[in-house]
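Given next are the chains, with one letter for each unit.
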Amino acid sequence: MLDGMEAVIFDLDGSLVDSMWVWPEIDVEYLKRYGIKLDKRLQGDVDGMSFTETAVYFKERFGIPDPVEKIKEDWNRMAEEKYLHEVPLKKGARAFIEECVRSHRKLGIASSNSRQLVEGVIGAQGLADAFSCILTSCEVGRGKPAPDIYLAVAQRLGVEPAHCLVFEDIEPGIRAGKAAGMRVCAVKDVWCQTPEERMRKLADYYIEDYTQLA
């Protein structure tokens, strides 16, 4: 899988860290403030959207009166403690990252989350120095499945897309990596709403967890 790969780029939530469980809890609590009951389809509707795009979606769909920036601030505040103290790395991820560092492969993160939460959890895991580039979709304009964020990370790493390996847990993310001309490995996550068979077809590789790469 790593043959010819000069860089490895990770999506964060569900791919590198086990964090997707956080958001349904926050969505329920947040929407309850406005007397709105959570729609079970919500997560699938916002998959791949940037943090800002998701806030705009909430504001428009649910008629949230607060400005988009206030919505994002509220979400960051509600999620930060969990990201710093309760969100773990995916199984085997630390050892895999350490092996990539030893083999002199450049590492990047391409996340749809907020920079505050991405940097928070990576710092809490003691991995900040391992990554040469961290970018969020908000910083490049369009969320996934647009390839923008993966192309931007590759550019900052100084690596051609064809020599980048992407790890993703959702269909829009896989499509973004493929659209960027990169090799993509799908990572199993219990919160993914796309059937495993389809994920396997869309991606170049599929893993249950990173221990398979040891």
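Structure: above.
Residues numbered from 1 in each chain as written. Predicted model: local features only at pLDDT ≥ 70, side-chain atom pairs only at ≥ 80, totals over all residues. Heavy atoms only, no water.

Caption draft 1: Fine view of the packing of helix α1 (residues 22-32) against helix α4 (residues 68-85). Two elements in contact, α1 and α4, have axes separated by 11 Å at closest approach and are oriented at 135°. Classified by the interaxial angle, the pair formed by α1 and α4 is oblique. As α1 runs across α4, the sense of the crossing is right-handed. Contact residues: Val22, Trp23, Glu25, Ile26, Glu29 and Tyr30 in α1; Ile71, Asp74, Trp75, Met78, Ala79, Lys82 and Tyr83 in α4. (Axes fitted to C-alpha atoms, helices over the stretch in contact; angles between N-to-C directions. Helix = DSSP H or I, 4+ residues; strand = E, 2+ residues; numbered from the N terminus. Parallel < 35°, antiparallel > 145°, perpendicular 65-115°, else oblique. Left-handed = near helix turned anticlockwise from the far one by under 90°. Contact = heavy atoms within 4.5 Å.)

Caption draft 2: Structural view of the sheet that holds strand β2 (residues 106-111). Reading across the sheet, the six strands line up as β3-β2-β1-β4-β5-β6 and stay open at both edges, with parallel pairing between neighbours. Two strands bound the open sheet, and with one partner strand each, they are β3 (133-136) and β6 (205-207). Here the average twist between neighbouring strands, direction ignored, is 20°. With three bridges connecting them, strand β5 (residues 183-187) and β6 associate as parallel partners. By the bridge assignment for β6, Ala186 is matched with Tyr206. Contacts from helix α5 (residues 93-102) reach β1 (7-10), β2 and β4 (164-168) within the one sheet, and its direction differs from that of β1 by about 150°. Where helix α7 (residues 148-157) meets the sheet, it contacts β1, β2, β3 and β4, and its direction lies at approximately 155° from that of β2. (Pairing = 2+ DSSP bridges.)

Caption draft 3: How the structure looks around the pattern of salt bridges. Counting across every chain of the model gives 18 salt bridges. Here Lys72 and Glu69 are joined by a salt bridge, their closest N and O atoms 3.1 Å apart. Here Lys72 and its partner Glu69 are both found in helix α4, three residues apart, which amounts to about one turn of the helix. The class of Lys72 is buried, set by a relative accessible area of 12%. Between Arg77 and Asp74 there is a salt bridge, with the nearest N and O atoms lying 2.5 Å from each other. Of the two residues, Arg77 and Asp74 both sit in helix α4, three residues apart, roughly one turn of that helix. Linked through salt bridges whose partners overlap, the residues forming this network are Arg33, Lys70, Asp74 and Arg77. (Salt bridge = Lys/Arg side-chain N within 4 Å of Asp/Glu carboxyl O. Buried < 20%, exposed > 50% of the residue type's maximum accessible area, 1.4 Å probe, protein only.)

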